[in-house]
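An overview of the molecular structure
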Amino acid sequence: RVPKTIFSGIQPTGIPHLGNYLGALKNWKKLQDNEESSTRLIYSIVGYHAITIPQPAAKLKQERRDMMAALLAIGLDPHRSIIFHQDQISQHTELAWILNCFTPVNKLQRMTTWKSKIATLKNSNDVSEIDDNALNLGLLSYPVLQAADILLYKATHVPVGDDQQQHMELTRDIADQYNRTYKARRYFPLPEHLITPASRILNLRDPQSKMSKSHPLASSRIMITDTDKDIASKIRSAVTDSESGITFDDVHRPGVSNLLTILAECEDSTPQTVAAGLETSAQLKEATAEAVIRTLTPIRDTFHRLSSEHTYLDQLAGRGREQAASIASDTMQQVRKQIGL
Ligand code: ADP
Ligand code: NA
């Protein structure tokens, strides 16, 4: 029987923002605190995903270390959780290749991440000038790499934001197809998607889209290392609406509801409960800024203390690598045997 195994990953593409934190990382820590000791917790920094968009080498190197510091700063404990760099375990790409051979290309072409990448390119250029070279094969097939990341550890539960719904379905389809092909019933568990209440934090300046690292307006996202002053001013300039009173209604009042979700998450409460005590947008913004500052201050302080400790960060990475490699090499030995390689 496969032990309960929780697996997740984050790209080393800059300091995590509040959406990454409230939607994913905070839950990684919560699972670490609440799961039985028999549950395996495996958290990865997925460098192989980051390079689907060209990265200068020095920047990538820096951001891989920064992400390790950020994961420690949010409270992950390397004695309890396996924390490692996916790009240091060659079995991820080995399994991804095999799973590529189980994945219809047209399924990948239907992924919203792929379609929105094409749409972005079309918007920024004249259609006739689309740079087809930016649409590399890695970008098309990275959901398969993600499936390999998860299945390599026979993960049973995957805590990720709701932007990952389609990728999780693909992962289950691939696992099921593999199991049937090799008559290896339940060899790969079909992993469950663990969604948090804050699985979709919206852009503060455009509450129609999700908060993301790639939006051009820096003030649209709060980084977990922002100063108190930056946090306050970004929340003050968040888009709300002109309705009176403060109510949670994520369809008609996305801006207000987004702030309520952020406030509630920071206070371990619900949006409806925190809304009850508030009358105006100004009050909502003030309360949210205070709560976010209180939540992020210890994280920012720890991040700054750790981020220059390169030797320590690399040591931890080495340890995570050993732990991950031992599981990954077991799986790949079994897979090779099942396939006849
Ligand atoms: P990004 O999408 O900002 O580049 P990643 O792809 O590295 O970040 O995602 C890391 C984790 O953060 C994933 O679990 C993803 O679902 C989650 N996440 C990303 N953006 C948000 C958001 N705006 N709200 C909630 N969760 C998010
Ligand atoms: Na994402």
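Residues numbered from 1 in each chain as written. Chains lettered and ligands numbered in written order. Predicted model: local features only at pLDDT ≥ 70, side-chain atom pairs only at ≥ 80, totals over all residues.

Across its full length, the protein chain carries 13 helices and five strands. Against the 2.2 N^0.38 benchmark of 20 Å for 341 residues, the protein chain shows a C-alpha radius of gyration of 21 Å, consistent with a compact globule. The principal-axis extent of the C-alpha atoms belonging to the protein chain is close to 65 × 50 × 40 Å. Residues counted as buried form 40% of the 341 residues belonging to the protein chain. Here the contacts in the protein chain between residues at least 6 apart in sequence split such that 76% fall between residues at least 24 apart. (Helix = DSSP H or I, 4+ residues; strand = E, 2+ residues; numbered from the N terminus. Rg over C-alpha atoms; globule rule 2.2 N^0.38 Å. Buried ≥ 20, exposed ≤ 12 C-beta atoms within 10 Å, placed from the backbone. Contact = placed C-beta atoms within 7 Å.)

Now for the environment of Ser242. Residue placement: Ser242 occurs in the loop between helix 9 (228-236) and helix 10 (254-266). For Ser242, a count of 5 C-beta atoms within 10 Å gives the class exposed. Taking the C-alpha atoms as reference points, Ser242 and Leu152, separated by 90 residues in sequence, lie 50 Å from one another.

Our focus in this paragraph is the confidence of the model for the protein chain. Any segment with low pLDDT has predicted coordinates that should not be analysed in fine detail. Summary statistics for the protein chain give a mean pLDDT of 94 and a share of 98% for residues scoring 70 or more. In the model output, the complex is listed with pTM 0.94 alongside ipTM 0.94. (pLDDT = per-residue confidence, 0-100.)

Now for unusual backbone geometry. Peptide bonds are, in most cases, trans, and in most cases residues other than glycine have a negative phi. Positive phi is not limited to glycine here, since Lys183 has a value of about 45°. Position of Lys183 relative to the elements: it lies in the loop between helix 8 (165-181) and strand 5 (192-194). In this model, Asp268 sits at a positive phi of 50°, which is unusual for a non-glycine residue. Relative to the elements of secondary structure, Asp268 occurs in the loop between helix 10 and helix 11 (271-276). Overall, the presence of 8 C-beta atoms within 10 Å leaves Asp268 in the exposed class.

Below, the discussion takes up the domain arrangement of the protein chain. In terms of domains, the protein chain is made up of domain 1 (5-200 + 309-339) and domain 2 (218-304). Each of domain 1 and domain 2 has a C-alpha centre, and these two points are 29 Å apart. Counting from both sides, the interface comprises twelve residues of domain 1 and, opposite them, twelve residues of domain 2. Contributions of two or more residues to the side of domain 1 that touches domain 2 are made by helix 1 (18-34) and helix 3 (57-73). Element by element, the count of residues in the side of domain 1 that touches domain 2 is highest for helix 3, at four residues. (Domains from an automatic or database assignment.)

This brings us to the site of ligand 1. Around ligand 1 there are 18 residues in total, and Gly19, Gly23, Ala24, Val160 and Gly161 lie nearest to it. Ranked by residue count, the leading element in the shell around ligand 1 is helix 1, at four residues. Residues that form the shell around ligand 1 fall into these classes: five nonpolar, nine polar and four charged. (Near = placed C-beta within 6 Å. Nonpolar A, V, L, I, M, F, W, Y, C, P; charged D, E, K, R; others polar.)

We now examine helix 1. With 17 residues, helix 1 ought to run about 24 Å at 1.5 Å a step, and its terminal C-alpha atoms sit 22 Å apart, in line with that. For helix 1, the principal kink sits at Ala24 and spans about 35°. Residues of helix 1 that are buried include every one of Leu18, Gly19, Asn20, Tyr21, Leu22, Gly23, Ala24, Leu25, Lys26, Asn27 and Trp28, and no others. Its buried side turned inward, helix 1 meets strand 1 (5-10), strand 2 (40-45), strand 4 (157-159), helix 10 and helix 12 (281-306). (Expected span 1.5 Å × (residues − 1). Bend = angle between axes of the 7 residues up to and from the residue.)

Within the largest apolar cluster, 82 residues are counted, with the highest numbers of intra-cluster contacts made by Leu18, Ala148 and Val292. Shared between two domains, this core takes at least three residues from each, and those domains are domain 1 (5-200 + 309-339) and domain 2 (218-304). Setting aside its immediate chain neighbours within four residues, Val292 contacts Leu18, Ile222, Ile231, Ile235, Ile262 and Cys266. (Core = buried A, V, L, I, M, F, W, Y, C linked by C-beta atoms within 7 Å.)

With that settled, the discussion passes to the pairing of strand 1. A regular strand places its side chains so that they alternate between the two faces of the sheet. Within strand 1, five of the six residues are buried, which leaves the element mostly enclosed by the surrounding structure. Looking at chain direction, strand 1 and strand 2 are connected through six bridges and run parallel. From the neighbouring strand, Ile10 faces strand 2, where its bridge partner is Ile45. A crossover links strand 1 with its parallel partner strand 2, the connecting element being helix 1, and its sense is right-handed. (Pairing = 2+ DSSP bridges. Right-handed = clockwise from strand over helix to strand, strands pointing away.)

Attention now moves to the packing of helix 3 against helix 12. The interhelical angle for the contact between helix 3 and helix 12, taken along N-to-C directions, is 135°, at an axis separation of 8 Å. Considering the angle they form, helix 3 stands oblique to helix 12. In this structure, helix 3 meets helix 12 at a crossing whose hand is right-handed. Contacts from Ala69, Ala70, Leu72 and Ala73 of helix 3 reach helix 12 at Ile299, Thr302, Phe303 and Leu306. (Axes fitted to C-alpha atoms, helices over the stretch in contact; angles between N-to-C directions. Parallel < 35°, antiparallel > 145°, perpendicular 65-115°, else oblique. Left-handed = near helix turned anticlockwise from the far one by under 90°.)

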